[in-house]
Amino acid sequence: MSEVAVRERRLRTAGPEDTAQLGTRLAGRAIAGDLLCLWGALGAGKTVFAKGFGAGLGVTDTITSPTFVLMAEYAGRLPLFHLDLFRLADASDAYASGLIDDRQAAGVTLIEWPERMIGTLPARRLDVVFDGVDEDVRQITLRAGAVDLARYLDAA
Ligand code: ADP
Ligand code: MG
């Protein structure tokens, strides 16, 4: 028999501070090996969320949107790996799969533009989907790809 658990939660944030705070709260639930995929258009709030998440992990360095670096690593309670694949226009699966490696098992990985490596994304991930509602309001849907990741939903 398959297990049925609540795996999805939808909420709204009223501005960037709200979205950052959501990230900070979720970071409190992070354990080593977690993967969060941040889906949404340019300006949807993915990096705002990532900055808040980093703060919640105790990262003191400034989290930016790296233009030419696909992955940045930050020290915190757990190492934070922040990938922004926007510029990875046509990744072959072989290349994309190299972006997730053993080192990340020791930390938490956030991926902006995960669609760039859709063929190689692990199923065990938390999807965070950002939709613009109006200028300052975002609808954010959390979807846990595994039962244990539902722990993030309680923190939202
Ligand atoms: P992305 O990384 O998804 O391209 P950013 O996080 O860099 O987007 O930028 C989001 C922009 O939207 C910022 O300028 C931020 O101030 C603005 N914004 C307005 N309302 C919100 C909200 N509710 N959550 C997040 N960002 C918001
Ligand atoms: Mg961004």
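In what follows, the accompanying structure is described. (Residues numbered from 1 in each chain as written. Chains lettered and ligands numbered in written order. Predicted model: local features only at pLDDT ≥ 70, side-chain atom pairs only at ≥ 80, totals over all residues. Heavy atoms only, no water.)

### A few points about the coordination of the magnesium ion (ligand 2)
Binding of the magnesium ion (ligand 2) to the protein goes through Thr-47 (OG1) and Glu-112 (OE), at separations of 2.1 to 2.2 Å. Separated by 65 residues along the polypeptide, Thr-47 in helix α2 (residues 46–56) and Glu-112 in strand β5 (residues 108–112) bring together distant segments of the chain. For the pair formed by Thr-47 and Glu-112, the shared burial category is buried. (Donors = N, O, S within 2.8 Å, 3.2 Å for Na, K, Ca; no water. Helix = DSSP H or I, 4+ residues; strand = E, 2+ residues; numbered from the N terminus. Buried < 20%, exposed > 50% of the residue type's maximum accessible area, 1.4 Å probe, protein only.)

### A closer look at the sheet that holds strand β6 (residues 126–134)
Taken in spatial order, the 7 strands line up as β1-β7-β6-β2-β5-β4-β3 in an open sheet, and their pairing is mixed. The open sheet terminates on both sides in strands that have one partner only, identified here as β1 (8–13) and β3 (71–74). For this sheet, the mean inter-axis angle between neighbouring strands, taken without regard to orientation, is 20°. One ladder, built from 5 bridges, connects strand β4 (residues 80–84) with β5; its direction is parallel. If you follow Phe-81 over to β5, its bridge partner there is Thr-109. (Pairing = 2+ DSSP bridges. Axes fitted to C-alpha atoms, helices over the stretch in contact; angles between N-to-C directions.)

### Points about the pattern of salt bridges
Scanning all chains against the criterion turns up 8 salt bridges. Among the salt bridges present, the one from Glu-8 reaches Arg-10, with a minimum N-O distance of 3.7 Å. Between Arg-103 and Glu-73 there is a salt bridge, with the nearest N and O atoms lying 2.7 Å from each other. Highlighted residues: Arg-103 in the loop between α3 (93–97) and β5 and Glu-73 in strand β3, separated in sequence by 30 residues. Under the relative-accessibility criterion, Arg-103 is labelled partly exposed at 44%. We classify Glu-73 as partly exposed; its relative accessible area is 45%. Linked by salt bridges that have partners in common, Asp-34, Arg-124, Asp-148 and Arg-151 make up one network. (Salt bridge = Lys/Arg side-chain N within 4 Å of Asp/Glu carboxyl O.)

### Considerations on the site of ligand 1
By nearness alone, 16 residues border ligand 1, and Thr-19, Gly-43, Lys-46, Thr-47 and Val-48 come closest of all. Here Asp-136 contributes a backbone N or O atom positioned 2.9 Å from a nitrogen atom of ligand 1. Looking at the shell around ligand 1, the elements that each hand over two or more residues are α1 (16–27) and α2. Looking at the shell around ligand 1, the element that brings in the most residues is α2, giving 3 residues. Here the shell around ligand 1 is built from residues that sort into 5 nonpolar, 6 polar and 5 charged. (Near = heavy atom within 4 Å. Polar contact = N/O pair within 3.5 Å; in protein donor to acceptor, adjacent residues only side chain to side chain. Nonpolar A, V, L, I, M, F, W, Y, C, P; charged D, E, K, R; others polar.)

By themselves, these figures tell us nothing about what the structure is for.
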